[in-house]
Structures are given as C-alpha cells and as structure tokens.
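# Summary of structural features
So you can see what is in the structure, the chains are spelled out below.
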Amino acid sequence: MSDILEIIAHCPLFKNHSTLQIREFLAGTNYSINRYKKNQLIFRMDQQITHVGIVLTGSVEVQKVIQSGRMINLVYKERGEIIAEGTVFSTIPTYPCQVTSREVTDILLLPKQYMFQALGCNPSLLTNLLQLMSDKLIMLNTKIELLSYCSIQSKIAFSLLHCINQNPVAQVIELPYSKKAWAEHLNVPRPSLCRELGNLCKTNIITLNKRTITIVNRTQLEAMLNE
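Notes on the structure in this doc start here.

## Points about the overall build of the protein
Looking only at helices and strands, the protein has eight helices and 11 strands in total. C-alpha atoms of the protein, sized along the principal axes, occupy 60 × 40 × 30 Å. When the accessible surface of the protein is totalled, it reaches about 12,300 Å², and 54% of it is carbon and sulfur. Between the averaged position of the 23 positive side-chain charges in the protein and that of its 17 negative side-chain charges there is a distance of 5 Å.

## Regarding the sheet that holds strand 10 (residues 206-209)
As summarised here, the arrangement of the three strands in space is 9-11-10, forming an open sheet in which the pairing is antiparallel. Strands with a single pairing partner mark the edges of an open sheet, and in this sheet they are strand 9 (172-174) and strand 10. The sheet shows a mean angle of 20 degrees between the axes of neighbouring strands, direction not considered. In the sheet, strand 9 pairs with strand 11 (residues 212-215) via three bridges, with the strands oriented antiparallel. Across the sheet, Ile173 pairs through a bridge with Ile213, a residue of strand 11.

## Focus: the sheet that holds strand 7 (residues 98-101)
Strand order in the open sheet made by the four strands is 2-7-4-5, with antiparallel pairing throughout. With partners counted over all chains shown, the strands left at the sheet margins are strand 2 (41-43) and strand 5 (71-78), one partner each. Taken over all neighbouring pairs, the strand axes of this sheet differ in orientation by 30 degrees on average, direction set aside. With two bridges connecting them, strand 2 and strand 7 associate as antiparallel partners. Residue pairing across strands places Leu41 opposite Thr100, the latter belonging to strand 7. The sheet strands contacting helix 6 (residues 179-186) are strand 4 (59-65) and strand 5, and the helix crosses strand 5 at an angle near 130 degrees.

The rules behind each value
- Residues numbered from 1 in each chain as written.
- Predicted model: local features only at pLDDT ≥ 70, side-chain atom pairs only at ≥ 80, totals over all residues.
- Heavy atoms only, no water.
- Helix = DSSP H or I, 4+ residues; strand = E, 2+ residues; numbered from the N terminus.
- Areas by Shrake-Rupley, 256 points an atom, 1.4 Å probe, with all protein chains shown as cover.
- Lys, Arg positive; Asp, Glu negative; His and termini not counted.
- Charge placed at Lys NZ, Arg CZ, Asp CG, Glu CD.
- Pairing = 2+ DSSP bridges.
- Axes fitted to C-alpha atoms, helices over the stretch in contact; angles between N-to-C directions.
- Contact = heavy atoms within 4.5 Å.

Structure representation (structure tokens):
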C-alpha cells in the first residue's frame with residue numbers, strides 16, 4: 001500500500017495532498033488495481049464510462065479512431081498520470097477515446113460516481129482536476145494544429161518550433177522520447193521521419209545528434225509552416 005500511495009502522491013490530481021489525505025480518499029472508494037498486457041485495451045471508445053484511472057506502473061497511449069479506421073495517437077500517459085479525467089463531469093455516456101497499454105501496465109481504477117461525489121466535497125481536488133483539464137485542452141489544441149499540416153517537414157517544423165517557443169532563448173532541443181515515439185506523435189512513419197530529418201540536416205536547417213537537435217536556421221524552419 002505504501003508503494004501505491006507514493007506513486008499516487010505524484011499524480012497532479014492529488015497535488016498539495018498529504019499521504020494521510022490520499023489514504024483516506026482511497027479508503028472511501030471501492031477502487032481496484034488491474035494489470036494489462038502490452039497492447040491490451042483498457043478503455044474502448046464504445047464502452048460505458050464507469051471509471052477513471054491512475055497509471056501505477058508502465059505506460060498507456062490515448063488514441064482516437066476516426067471513421068475511416070485511421071488511428072490518431074493523442075498522448076502518452078506514464079506512471080502517476082491520470083487517464084479519462086475529462087469524463088467525470090461528461091454527459092456523454094461512453095469514452096471519447098480508447099486507451100491502450102504500451103507495455104505491461106498496472107492501473108488503479110476509481111469509480112466515476114465516487115470521483116464525482118468526492119470532488120463536490122473537496123474544493124482542492126476540484127481545483128486540481130480543473131487545472132488538469134485546462135492543460136489537456138491546450139495540449140489537444142496544439143495537437144489539432146499539428147495534424148492540420150500536410151507535409152512531414154511542416155509537422156517536424158511545427159513540433160520543433162513548439163518546443164523552442166516554450167524556451168525562446170534556447171536553440172537546442174533535447175527530445176524527451178525516441179524517434180519511434182516522435183513519429184507516432186506526428187502520425188507519420190518512422191522511416192519517413194528519419195529521411196526528412198536527414199534532409200533538414202543536409203540543408204543546414206538543423207543538426208542532429210541522437211536525441212539532441214540544434215536549430216541552425218529558424219527562419220527557414222518557420223517558412224516551412226507556410227508551404
């Protein structure tokens with residue numbers, strides 16, 4: 001139990017809550033812990049909303065399946081992060097996205113009804129959830145803008161400029177994920193991503209050293225967004 005409490009304490013939902021407060025919160029709910037194999041569905045898009053989850057071990061991927069059958073990768077969630085938090089106050093009866101385990105993953109499942117009641121009695125928890133949902137909305141808006149670009153180069157340019165804009169002084173980006181994960185984030189094939197990165201290096205727009213990318217010609221990178 002102590003290990004679980006330590007993980008949950010890092011969940012943004014429980015920011016500024018003590019271990020004792022988290023323990024009391026869990027004691028009041030009929031929570032469960034489920035283990036999922038790699039690539040196993042945790043929540044389906046057509047599934048009735050019954051639970052909110054917290055990742056205890058492993059990682060998950062939130063995906064949207066559009067009518068054509070194409071899968072759009074929205075976000076990864078790792079240890080201590082909450083999943084399906086936006087469904088707590090939703091009037092839509094089913095999950096809007098599917099959640100799949102990326103590896104062997106343990107999820108703590110909290111009944112939605114209890115979450116709804118607990119938030120009504122705990123202003124601090126409610127504030128934390130609203131902050132989470134606000135951040136998620138901003139992230140999804142950025143994702144929509146990214147997906148609006150057609151070419152792989154423009155998607156790369158947008159992704160790099162977005163990272164740089166978070167720290168305008170810096171011109172060096174340390175990618176927090178592998179090229180495979182980056183390709184999935186951009187919704188492009190990994191070989192195509194590597195090829196276009198190579199082209200950007202050849203034209204001296206960027207330099208690349210493993211996960212470190214240096215912006216050499218920002219003006220040209222920005223121009224790609226208009227192509």
